[in-house]
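Chain and residue survey
Residues per chain are reported as follows:
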Amino acid sequence: MTTDNVMISVKGLKKHYNYGVVKALDGVDIDINKGDVMVVIGPSGSGKSTFLRSLNLLEEPTEGSIFFQGKDIVNDKIDMDKFRQKMGMVFQHFNLFPHKTVLENLTLAPQVVKKANKAEIEKKALELLDRVGLADRANAYPVQLSGGQKQRVAIVRALCMEPEVMLFDEPTSALDPEMVGEVLEVMKELAHNGMTMVCVTHEMGFAREVGNRVVFMADGKLIEQGTPDQIFDHPQSPRLKDFLGKVL
Amino acid sequence: MTISMANMGKILTYGNMFGQGLIVTVLLAACTVFFGFFLAFALALMLLSDVRPFRHLEKIKTDNINVKKRNDFIARFNPVKLIASAYVQFVRCTPMLVQVFLVYYVVFGFVALPKFTIFGFIQFERFFPAAFALALNSGGYMSAVIRGGIEGVDKGQTEAARSLGMSKGETMYHIIFPQAVKNILPAVANEFVTIIKESSICYTIGVQDIMFNVKSVQSATFIVAEPLIMATLLYFCLCFPTSKIIEHVERRMRQSDNR
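With that settled, consider the overall build of chain B. Helix and strand counts for chain B come out as ten helices and two strands. Of the regular secondary structure in chain B, the N- to C-terminal order runs α-α-α-α-α-β-β-α-α-α-α-α. Across its three principal directions, the C-alpha atoms of chain B cover 85 × 50 × 35 Å. The 259 residues of chain B split such that 39% are buried. Intrachain contacts of chain B at a sequence separation of at least 6 include 76% that bridge at least 24 residues. Summed over all atoms, the accessible surface of chain B reaches about 14000 Å², with 67% contributed by carbon and sulfur.

Here we come to the confidence of the model for chain B. Per-residue pLDDT for chain B averages 89, and the proportion of residues at 70 or more is 98%. For this predicted complex, the interface confidence reaches an ipTM of 0.90, while the overall pTM sits at 0.84.

Here we take up the sheet that holds strand E3 (residues 37–41) of chain A. Residues and elements named next belong to chain A. Spatial strand order, E6-E7-E8-E3-E9-E10: six strands in an open sheet with mixed pairing. If you trace the sheet from one side to the other, it starts and ends with strand E6 (87–90) and strand E10 (221–226), each paired once. Sheet twist, expressed as the mean angle between neighbouring strand axes with direction ignored, is 20 degrees. Sheet analysis places E3 next to strand E8 (residues 196–200), joined by four bridges and oriented parallel. Within the sheet, the bridge partner assigned to methionine 38 lies in E8 and is valine 198.

Tallying the contact residues gives 30 residues for chain A and 26 residues for chain B. A combined buried area of about 2300 Å² lies between chain A and chain B, and 59% of that area is made up of carbon and sulfur atoms. For chain A, the biggest contributors to the area lost against chain B are Tyr19(A), Phe97(A) and His99(A); these three give 27% of the whole. In this structure, Arg53(A) and Glu159(B) form a salt bridge, with 2.8 Å as the shortest nitrogen-oxygen distance. Counting across the chain A and chain B interface gives six residue pairs in polar contact (both at pLDDT 80 or more). Among the elements of the structure, helix H2 (80–84), E6, helix H3 (102–114) and helix H5 (147–159) of chain A are those that each provide at least two residues to the side of chain A that touches chain B. Looking at the side of chain A that touches chain B residue by residue, the class counts come to 17 nonpolar, six polar and seven charged.

Here we take up the side chain of Gln149(A). Residue and element names in this part refer to chain A. Position of glutamine 149 relative to the elements: it lies in helix H5. Given a relative accessible area of 17%, glutamine 149 falls into the buried group. Residue contacts for glutamine 149: discarding those within four places in its chain leaves Leu134, Arg137 and Glu182.

Residue and element names in this part refer to chain A. Residues other than glycine seldom take positive phi values, yet leucine 57 does so here, at roughly 60 degrees. Residues other than glycine seldom take positive phi values, yet lysine 115 does so here, at roughly 55 degrees. Note on placement: lysine 115 falls in the loop between H3 and helix H4 (118–131). With relative accessibility at 64%, the residue lysine 115 sits in the exposed group.

Bringing the nonpolar core into the picture now. Membership of the largest hydrophobic core comes to 89 residues, with the highest contact counts inside it found for Ile8(A), Phe51(A) and Leu55(A). A total of nine residues in this core trace back to one element, the largest contributor, which is helix H6 (residues 124–151) of chain B. The contact partners of Leu55(A), leaving out residues within four places of it in the chain, are Ile8(A), Val10(A), Ile32(A), Ile66(A), Ile73(A), Phe83(A), Met87(A), Leu167(A) and Val198(A). Counting residues in hydrophobic clusters, the runner-up holds 38 residues, among them Val37(A), Leu129(A), Val180(A) and Met195(A).

Turning our attention to the sheet that holds strand E4 (residues 63–68) of chain A. Residue and element names in this part refer to chain A. Spatially, E2-E1-E4-E5 is the arrangement adopted by the four strands of the open sheet, whose pairing is antiparallel. The sheet is open, and its two borders are formed by strand E2 (22–33) and strand E5 (71–72), each paired with just one other strand. One ladder, built from nine bridges, connects strand E1 (residues 6–17) with E2; its direction is antiparallel. Bridge pairing in E2 places lysine 15 opposite leucine 25. Together, E1, E2 and E4 form the strand contacts of helix H1 (residues 48–55), whose direction differs from that of E2 by roughly 60 degrees.

Residue and element names in this part refer to chain A. Counted according to the given criterion, the structure contains three cavities of 30 Å³ or more. Leu128, Arg131, Val132, Val156, Leu159, Val186, Glu189, Leu190 and Asn193 are the residues that line the largest cavity. Of all the secondary structure elements, the ones that give two or more residues to the lining of the largest cavity are H4, H5 and helix H6 (177–192). For the lining of the largest cavity, the element with the highest residue contribution is H6, accounting for three residues. A breakdown of the residues in the lining of the largest cavity according to their chemical character gives six nonpolar, one polar and two charged. Considering only enclosed or pocket space, the second largest cavity measures out at about 40 Å³ in volume.

Once that is clear, we can look at the packing of helix H7 (residues 155–163) of chain B against helix H8 (residues 168–198) of chain B. Residues and elements named next belong to chain B. Interhelical geometry of H7 versus H8 gives an angle of 140 degrees and a closest axis separation of 10 Å. The two elements H7 and H8 cross, and the hand of that crossing is right-handed. Across the interface between the two elements, Gln157, Thr158, Ala161 and Arg162 from H7 touch Lys168, Thr171, Ile175, Ile176 and Gln179 from H8.

Residue and element names in this part refer to chain A. The buried fraction of H1 amounts to seven of the eight residues, a majority that puts the element mostly inside the structure. Residues of H1 that are buried: Lys48, Thr50, Phe51, Leu52, Arg53, Ser54 and Leu55. Positive phi appears at leucine 57, one or two residues downstream of H1, with a value of about 60 degrees.

Conventions and cut-offs
- Residues numbered from 1 in each chain as written.
- Chains lettered and ligands numbered in written order.
- Predicted model: local features only at pLDDT ≥ 70, side-chain atom pairs only at ≥ 80, totals over all residues.
- Heavy atoms only, no water.
- Helix = DSSP H or I, 4+ residues; strand = E, 2+ residues; numbered from the N terminus.
- Buried < 20%, exposed > 50% of the residue type's maximum accessible area, 1.4 Å probe, protein only.
- Contact = heavy atoms within 4.5 Å.
- Areas by Shrake-Rupley, 256 points an atom, 1.4 Å probe, with all protein chains shown as cover.
- pLDDT = per-residue confidence, 0-100.
- Pairing = 2+ DSSP bridges.
- Axes fitted to C-alpha atoms, helices over the stretch in contact; angles between N-to-C directions.
- Buried area = accessible area lost by both parts, 1.4 Å probe.
- Salt bridge = Lys/Arg side-chain N within 4 Å of Asp/Glu carboxyl O.
- Polar contact = N/O pair within 3.5 Å; in protein donor to acceptor, adjacent residues only side chain to side chain.
- Nonpolar A, V, L, I, M, F, W, Y, C, P; charged D, E, K, R; others polar.
- Core = buried A, V, L, I, M, F, W, Y, C linked by side-chain atoms within 4.5 Å.
- 1 Å grid on protein atoms, 1.4 Å probe; cavity = no way out; pocket = protein on both sides within 12 Å on 5 of 7 lines; lining within 4 Å.
- Points joined across faces, edges and corners; volume = space filled by probe spheres on them.
- Left-handed = near helix turned anticlockwise from the far one by under 90°.

Written out as structure tokens, the structure reads:
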């Protein structure tokens, strides 16, 4: 379909509600390259989250195509569960499974979906937990964790499936301010290790420091994109200038 | 009409009959809830199903909004759900007494049941239709509770599980059901209490439950009020402690959420 470097290619993606009265996504075109850390910013209601959730079809697009590994996952007949394994997702509200311990949260999906060996996946999960500084909480239940700890566990849970790309849907928006840092730290490390990431976030500092591409969305459209320098220091469109004036 | 201790003493000599009635009532309620639960579970799954034979109509692209709306309407058609909700509405909108008569006189008028007794005083050919009719009724009501319990689990749980690559079925089994049970169990236990009381109408088809024995004692002794008082006490002593126990367990379960 395209060069080897492109991981996800989005073409004319639209998501309409109520027969076109509400246009959450109004024709988005973008390529996400391998190793990209793409940060999506924009005012609320601009379609950032809808865009992200469309990438792994939690939201079914009305029109358009998403090419992932040579297949149009919107229009081709595909095994949705198979390809979702390759896209990790982290949610604003963590969505840990409350009836399972931290370790069970991490190992459930690999065991069920990939038929992974229990001992092996537990070993790997504990290693990853250690990397995010939570090795001692393996047998705790989610309700015993702080928000920041929960989100770190949620990131590790997605990583245990060995995804090729990670999607972050406002991962720090539901956190107390003092816990934002610890989650961003984990995401930063992920980025440095070469993970392809798409993050919807309001953390402009993170966008500037870690992102290699910043995308500005408004009214369901992709208004402007570029390097953090271009977007934050040399914005072109009035919408972006207006938005940056409010948040920076 | 007066209520006297003398009469009370007289009907106590029929204590054995009340005892048997009590056992029948409890057994009837237990069987009803047990079988009703499986029916309710199946109905709930049908109500939550996504069987849409015409779903491809959604995908048809057209600029005519009315055609699009019509196509979407047809695409939403789900025959499995339709059958289940039609059944639930039938159960809800017809009297239980009529349902019991329908099952006993019509359904089991065609199907001959073997005649034998359990424990020497439960007539199977009457007990079974009663339990069957009550289960059909209670299953309809409980299906709403079970569906609510399943739908009550946070949507984010499904999204998280699906985003990890788990299928619909795997998500239900590993993630949704274990959490829904906490919502469902107390309601099912309460249904048991409700059925203990409602099963009293089964005396009309000759099931020898508490009410049936009240009638028997009344006609044997010509005492009207005291047997009824006796029955009231029995029903109350069954239902009050049971619902208190359920309340207690429910509170304990809610506490365990905060472990």
